[in-house]
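One-letter residues, chain by chain:
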Amino acid sequence: MQIADVGTEYDRDTQEVIGNPAIPEVMADRRTTAGVEAGTTRTYEDVFTEPLWYTVQFTIDDEVPENGGQVSFHPAPSGDERGTYVGAKVFEYGEFTWVVSATDNPGPFDQ
């Protein structure tokens, strides 16, 4: 997985992250790429540290999956006070899927 874009808003019409956020200097040069070996599970905390929109690009063996290798999401709590996280899975027969789920844990965005 790789963070492909960061923005202040999400345009539902174009399905793209838009806006130029004032990114803290510590994030300005951050490139997050994470690899997971077959048969393993990994959790990455402290990746989506700012209340912004992120576009995440997934690849499998350096190829973008045919069925949706990209998702945009906002990790901070929405109107219902829950934060969100993104998860992905590659099944043993090669099919790929991602999901954005809500959680009662707002993470670093505790209000």
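Residues numbered from 1 in each chain as written. Predicted model: local features only at pLDDT ≥ 70, side-chain atom pairs only at ≥ 80, totals over all residues. Heavy atoms only, no water.

Let's talk about the packing of aromatic side chains
The cut-off we apply is this: Note on aromatic contacts: the rings of Phe and Tyr and the six-membered ring of Trp form a pair at centre separations within 6.5 Å, being stacked when their planes are under 30 degrees apart, edge-to-face when over 60 apart, and tilted otherwise. Counting from the N terminus, the helices are the DSSP runs of H or I reaching at least four residues and the strands are the DSSP runs of E reaching at least two. Burial classes follow relative accessibility: with a 1.4 Å probe on protein chains only, a residue under 20% of its type's maximum area counts as buried, one over 50% as exposed, and anything between as partly exposed.
Here the structure, examined in full by the defined rule, presents five aromatic pairs. Measuring from centroid to centroid gives 6.4 Å for Y54 and F73, while their planes differ by 35°, and the two rings are tilted. With Y54 in strand β4 (residues 53–57) and F73 in strand β5 (residues 70–73), the pair connects residues that are 19 residues apart, well separated along the chain. Here the two residues Y54 and F73 agree in accessibility, since each one is buried.

Focus: the sheet that holds strand β1 (residues 2–7)
Spelled out, the test is: The pairing criterion is simple: DSSP has to find at least two bridges between the two strands. The axes are straight lines fitted to the C-alpha atoms, using for helices just the contacting stretch, and the angles between their N-to-C directions are given from 0 to 180°.
If you trace the three strands from one edge of the open sheet to the other, you get β1-β4-β5, paired in antiparallel fashion. Either end of the sheet is taken by a strand with one partner, and the two such strands are β1 and β5. On average, each strand axis in the sheet is tilted by 20° relative to the strand beside it, whichever way the strands run. Sheet topology places β4 next to β5; four bridges connect them, and they run antiparallel. Its bridge partner lying in β5, T55 is registered against S72.

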